[in-house]
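# Coordinates in review
Residue-level listing of the chains:
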Amino acid sequence: MSIPLSWYLLLSVALFCVGLFGVLSRRNAIAILLSVELMLNAVNINLVAFWRYLDPARMAGQAFAVIVFAVAAAEVAVGLALIIAVYRRRKTVVADEIDLMKW
Amino acid sequence: MLLSETAISPLFSLAPLIVFLPVLGLLLNIIFGGRMGEKAIGWLASVASGLTFVVSSLLAYGLWAAHGETVVVPFADWITIGSLHIPWNFRVDTLSVTMMLAVSGVGTLIHIYAIGYMHEDVRFKNDPKRFRRFFVFLNLFIAMMMILVSGDSYLMLFVGWEGVGLCSFLLIGFWYDMDTLGRPSWANSNAAKKAFITNRIGDFGFLLAALTMFWAFGSVQFGEVFGKAEEIAAAQPAVIIAITLFMLIGVTGKSAQIPLYVWLPDAMAGPTPVSALIHAATMVTAGVYLVARSWPLYTLAPDAQYIVAMVGAVTALFAATIAVGQYDIKKVLAYSTISQLGFMVAAVGMGAFVAGMFHLVTHAFFKALLFLSAGSVILGLERGHHHLAHHKGHEEHEGKHEEVFDPGDMRNMGGLRKRMPVTFWLYIIGTLALAGIFPFAGFWSKDEILLDAAKLHPEIFIILTTAAFFTAFYMGRQIWMVFFGEPRHEAAAHAEESPKIITVPLMVLAGLSVLGGALNLPGVHTLGHWLEHTIELAEHELHLPAWLEISWGGLNPVVALVSTLLALLAIYISWLIYGRKPLTAGQKDPLKKPLGFIFTGMENKWFVDEGYWAVFVNRYVDIARFLADVVDWRFWHDWFHDKVIAGTYVWLSHIALNRYADQKGIDAFFNGLGDLTKRLSAFLRRLQNGFVRSYALAVMLGVIVIVGYLLMK
Amino acid sequence: MTPSDLLSILPLLVLVVWACALLLVDLWLKRKGVTAFLAALGLALTAGLALAQAGEETTAFGGMVALDGFASFLNVLFPLSGLLGIAVAYGYLKRMNIERGEYYSLLLFSTAGMMLMAHAADLVVVFLALEFLSLPLYVLAAFARPRLDSEEAGLKYFLLGAFASAFVIYGIALIYGATGTTSLSGIVAAIEAGSLGTSGLLLTIGAALFLVGFGFKVAAVPFHMWTPDVYHGAPTPVTAFMAVGAKAAGFAALLRVFVTAFPALDADLTPVVWVLAALTMFVGNVVAIAQTNIKRMLAYSSIAHAGYILMAFVAFGNPATRADAVASALFYLVTYALTSYGAWAAVIALEKQDPSAGSGQAASGLEINDFAGLGRRRPALAAAMTVFMLSLTGMPPTLGLVGKFYLFRTVIEAGQVWLAVIGVLTSLISAYYYLRVVVVMYMREGAPETTREPWLDFTWAVSALATVILSFLPMALFAWASAAGVMGF
């Protein structure tokens, strides 16, 4: 137990920002999707760390992390389906080229 | 309410009918109108309006029998939330009944007139649906006006206030797709839009007044607000001033005062009965009614009162000068209406509520008369034009008669005295009443305003007297130009008199214009005593000069003589200029030369419209465009997102991650990230629009600002 | 899990089971009209069951789920909005050659997610409900596949939605870290115990991130930028359903969580909400002026209305005005739902396939100028549209006036007079572009082609009548909204 809680939180913040950076800078829709998943995993680190340090007696934190996994999986399934549908018609997954609607 | 349980006469339970009779009329017309002839449609609407007048009379009788005690007739629960309870009540007091009688009485006469007028309108083309629509709108207007005057709270009054605004919009744009001769044009619908939007600005003031009132008084019911007024005025005098001044913005919109009067002249695009009913006799006086109704508030804020009076007086003079330079017969009357409304607003502003209401009623009579007579003149000219075209059509080529002919332009008239004698005499009566010649109705009411002004604010007395001089002058000019001299257009030479259905309502109005002064003769003050039950007039301790102390049975000879002599003088001068040597066709206005640029200003309405357009409308459109195009798109999307934020972010990460990672080589992950950054920076140079990511960037910016704020606190 | 737990969320359960069954049954159904009918039947049944629950107040599943006046009010509203969503879609799907049975199952699933949101008394359930309602919506937005704009709308909505939900879940994690629990009652208890210390800041930031995520869902500025694109590209019935349902669900979560758990953060969060509301009203209304496409215009209008409802939140910290905040927000949601469904139905009536785009790949008839001449061609439809425009502006005699009135009153009672002034000012601005539609309909020549479908006509006619009639007797509705208080812990 020598590693303090704040280290985990900083790791989580760093991972979250990496994800954020990915969403803002990647052109590829799949890469954006992966970056979002990174952000969700940052949350998971947070949740598990909080659970371990603050409330190890109850399962709530862990259960929450599992729910986040499940939801993330569902999200990926829908997201990839949408990206494939777009790819079939436009032959591209570059987010910036998907700009039919603006103003 | 104890009163309602004990003393209420069953007569008062009729009160809701004043709203529901016209509603019934319009519903019947909507449902069955399609299968009825146009006569039946018109008479059904007129009967609905007439019955409203009968009910109003019964209410007036009931009120007289009850010695003028205010009666509140509960009708339905409207809004109840927490402490706020706003029922839909009908307030029957001497003030509201006076308005009801004027609205429904004049309204009914105009309904009947409209049956004849709309049939003759060249644009009508026997389309019964349009005919029905017109009368449905007219009935709706009566219903809304009744809601306005009978409401027992500022919110109910506001419902009517907006409702009549809507009707005004619909009726100004009635011939939305054509001009007066049936040619395609959007001028009328633009005029409707202008009226509506200008009025929204005024309504904004009204809403602010109501909100402030709710905030300060916790209620918008008349009874509660007026009951607490003195208490609040003692504690927070600024609140009362704010409410009354916000209300003034509403008044300047609805009653066409400076600076919001610009919509009213354009509103003449509507059919003439509409101009007479809505834009002369009734709706535009709603602002005057609002001030009179709010007398307990205004009496407590003398400064606000003075501003109101000054706005009214300046408007009265300003509009009168513009009227001198107009050529359209209805435009002259429109500016005259603005000017007369200025008289009323000045009167109620000075606290002379009775004088203001008196002028409101007499003005409804004679201005409706003038407008409707003007309509009769226009129809006469159209008949002449039609007759002419028909006649010549046999001899000449058809296309030649499509010359541009404006039947409302006074420069096309002249000599109509002989062609349309009945209309001529009616017009003369209206003119004398408006000019304030003894013993017509306008003389008594205007004299009362001038007398009060002389006693209270001499400077306003001087402005108003000057305005009265101009009034007589432009009316004289109109009479000479329209009815005397020789016809300046062939259509005028062949004009024909209007049928009975048009002239008979006019005769009734003419009778009222002659005798209307009897309502409140000096010394007797019938209307004054009637309104006293509702409005307590403040007693002023005044030190008057000796000439103002003279009273011939209530009439001050100095004021009366001065105003009458000035009016006669003005008519005489107008005769010198326009009557002695009548205009000939194509001749310029004889005033143009001696007055030079002053007359050009009058002709062009002192360029107020152009100024508003340049200062407000264009700027508004520019700002909207700027925000949408430059700020929201080019600045926010293209420049701020991509260049500033994304660029800086990438640049920073480039320095922080890339160089650091490359030089020290911490681990593969950071290497990869640095690599990614490098490729990204290359890409971002080529980047024009990053759409989905721009949106994500907006989200992140919001987060940064919010979290930053919370951390800084 | 006990039988009484299940009983307390019975309508929701029925709907989920029904939706699963419908997904299977649809495989054997040739006529999609039957699917639509079955879906509508399920929603009606759900609404009926929810109505039967009115007045109950209890918690279930160990305090994760609450059944109170608030939940039962919304649980009637959501299925009804789903019903309208089916009514406007039935003919449209056929007309646009995208009649697939999944539309109805997805709509049912999304509705179930919204209902779960109304029940949620635990942040985990809030998150679950958020995803439950969003995932079907992502697919629905792309439902007009292979229409390019629809696919694009789906993808954009998905990417940004996932991004925003990451903020929500991060916020929830921080709140969990600060208080050691995710249940609303636990959070209240932890705050009242006053043992937070430095983690008080963690809690505040968590709450702010939560606000951001749901600000995205309800389209508050500056989290609004997806709205115009997605509303524009999605099939119009989906847009209508989304504009009403997703917004209402987002506000449901915000209302319950803020009013129940976070009143103590009032001093920190009220300025944030204040600025968000003011920005949202301003940007939404101003940018709407420059729009020429009716769907984008209504999208910005929807943003603006999110701002009006957000105004109610400035009152959430004050115990005296809290109930008013909930009641006026719920009332306005009903107002907006009715009006907005009607307006979208009118848009659908004018929308048609663009023959020039080849194989029916695009829609046309969506410019504001396409409404020219509607007043002559379809007087009743034009009159209804006029009612909706007046109601969105907040003018009598429509429900919009009453709704705005309640909202402004709440804001003033909370002491935020200037916010109310901004509200009045921006609704003054909005008159400009709403009125333009009316002017175009009545005062411009044109011959719009419109569709007559019984259910579509039914939707706008009923919405218009309700908008006008309810404005004269809003008391019953408001009494119900006032009774729908949030259960305290």
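Note that the structure is a prediction, hence the values are computed from the model and not measured. (Residues numbered from 1 in each chain as written. Chains lettered and ligands numbered in written order. Predicted model: local features only at pLDDT ≥ 70, side-chain atom pairs only at ≥ 80, totals over all residues.)

## Description of the overall build of chain A
A tally of helices and strands in chain A yields three helices and zero strands. For chain A, with 103 residues in total, the buried portion stands at 39%. Sequence-distant contacts, at least 24 apart, represent 50% of the contacts inside chain A between residues at least 6 apart. (Helix = DSSP H or I, 4+ residues; strand = E, 2+ residues; numbered from the N terminus. Buried ≥ 20, exposed ≤ 12 C-beta atoms within 10 Å, placed from the backbone. Contact = placed C-beta atoms within 7 Å.)

## Considerations on the overall build of chain B
When its secondary structure is counted, chain B shows 30 helices and two strands. When burial is assessed residue by residue, chain B has 54% of its 713 residues classed as buried. For chain B, the share of sequence-separated contacts (at least 6 apart) that also reach a separation of at least 24 residues comes to 81%.

## Observations regarding the environment of C:A384
Residues and elements named next belong to chain C. Mapped onto the elements of the fold, A384 is located in helix α16 (residues 379-393). Since 26 C-beta atoms lie within 10 Å of it, A384 is described here as buried. For the pair A384 and T467, spaced 83 residues apart in sequence, the C-alpha to C-alpha distance is 9.5 Å. Not counting chain neighbours up to four residues away, the residues in contact with A384 comprise G342, A346, W460, A461 and A464.

## A look at the interface of chain A and chain C
Think of interface size as the accessible area that goes away when the parts come together; that is how it is often given. Contact with chain A, which involves 32 residues of that partner, is made by 30 residues of chain C. If one sorts the elements of the side of chain A that touches chain C by residue count, helix α3 (residues 60-90) of chain A sits on top with 15 residues. Grouping the amino acids of the side of chain A that touches chain C by side-chain chemistry returns 26 nonpolar, three polar and three charged. (Nonpolar A, V, L, I, M, F, W, Y, C, P; charged D, E, K, R; others polar.)

## Considerations on the interface of chain C and chain B
At the junction of the two partners, chain C supplies 40 residues and chain B supplies 38 residues. Contributions of two or more residues to the side of chain C that touches chain B are made by α7 (148-179), α9 (199-217), α12 (266-289), α17 (399-413), α18 (417-443) and α20 (475-483) of chain C. Of the residues forming the side of chain C that touches chain B, the biggest block, eight residues, is contributed by α18(C). Among the residues forming the side of chain C that touches chain B, the class breakdown is 34 nonpolar, one polar and five charged.

## A few points about the packing of helix α5 (residues 102-119) of chain C against helix α11 (residues 236-261) of chain C
Packed helix pairs are specified by the crossing angle of their axes together with the interaxial distance, meaning the distance between the axes. Residues and elements named next belong to chain C. The geometry of α5 relative to α11 is characterised by a closest axis approach of 8 Å and an angle of 20° between their N-to-C directions. The orientation of α5 relative to α11 falls into the category roughly parallel. Between α5 and α11 lies a crossing of left-handed hand. Along its contact with α5, which presents L107, S110, T111, M114, M117 and A118, the element α11 presents F241, G245, A249, A252 and A253. Class assignment for the residues of the contact of α5 with α11 results in eight nonpolar, three polar and no charged. (Axes fitted to C-alpha atoms, helices over the stretch in contact; angles between N-to-C directions. Parallel < 35°, antiparallel > 145°, perpendicular 65-115°, else oblique. Left-handed = near helix turned anticlockwise from the far one by under 90°.)

## What about unusual backbone geometry?
The linkage connecting B:I258 with the following residue, B:P259, adopts the cis geometry, with an omega of 10°. Considering the arrangement of structural elements, one finds B:P259 in the loop between α9 (237-254) and α10 (263-267). Along the chain, B:F438 connects to B:P439 via a cis peptide bond; the corresponding omega equals 0°. Residue placement: B:P439 occurs in the loop between α18 (421-435) and α19 (441-456). Despite not being glycine, B:A256 has its phi angle at roughly 55°, a positive value. Within the secondary structure, B:A256 is located in the loop between α9 and α10. Here B:A256 falls in the buried class, since 31 other C-beta atoms lie within 10 Å of it. We note that C:N97 has phi near 60°; this positive angle belongs to a residue other than glycine. When you line up the elements, C:N97 lands in the loop between α4 (69-95) and α5.

## Quick look at the nonpolar core
Here is a general trend for soluble globular proteins: nonpolar side chains tend to be buried in one another's company. Membership of the largest hydrophobic core comes to 490 residues, with the highest contact counts inside it found for B:A210, B:A368, B:L464, C:M117 and C:A141. Setting aside residues no more than four positions away along its own chain, C:M117 makes contact with C:V126, C:A129, C:L130, C:L133, C:A249, C:A252 and C:A253. (Core = buried A, V, L, I, M, F, W, Y, C linked by C-beta atoms within 7 Å.)

## Focus: α17(C)
Residues and elements named next belong to chain C. For α17, built from 15 residues, the straight-helix expectation of 21 Å at 1.5 Å per residue is met to within 8% by its first-to-last C-alpha distance of 21 Å. Counting buried positions along α17 yields 14 of 15 residues, so the element is predominantly enclosed. With its phi angle positive at about 85°, G415 sits one or two positions after the end of α17. (Expected span 1.5 Å × (residues − 1).)

## Remarks on the environment of B:P487
Turning to its location among the elements, B:P487 is positioned in the loop between α20 (458-483) and α21 (490-493). Among all residues touching B:P487, those that are not within four sequence positions of it are B:G414, B:G415, B:A492 and B:A493.

## Describing the environment of C:L140
All names here are of chain C. With respect to the secondary-structure elements, L140 resides in helix α6 (residues 123-141). Between the C-alpha atom of L140 and that of Y103, which follows or precedes it by 37 residues, the distance is 6.9 Å. The residues touching L140, leaving out its near neighbours within four places in the chain, are L106, L107 and V238.

## Looking at the packing of helix α8 (residues 184-193) of chain C against α11(C)
Residue and element names in this part refer to chain C. The N-to-C vectors of α8 and α11 enclose an angle of 30°; their axes lie 9 Å apart at closest approach. Here α11 runs roughly parallel to α8, going by the angle between their axes. Where α8 crosses over α11, the handedness of that crossing is right-handed. For the pair α8 and α11, contact is made by L184, I187 and V188 and by V257, T260 and A261, respectively.

## Examining helix α7 (residues 187-217) of chain B
For an α-helix the count is 3.6 residues per turn, leaving residues at separations of three or four pointing the same way. Relative to the 45 Å expected for 31 residues at 1.5 Å per residue, α7(B) spans 44 Å between its end C-alpha atoms, a close match to the ideal helical length. Just beyond α7(B), the residue with positive phi is B:G218, at close to 70°.

## Description of the confidence of the model for chain B
Residue and element names in this part refer to chain B. The pLDDT averaged across chain B works out to 82; a share of 86% of its residues lies at or above 70. The low-confidence segment residues 673-690, where pLDDT is below 50, has 27 contacts with residues more than four positions distant or belonging to other chains. For this predicted complex, the interface score ipTM comes out at 0.94, alongside a pTM of 0.56. (pLDDT = per-residue confidence, 0-100.)

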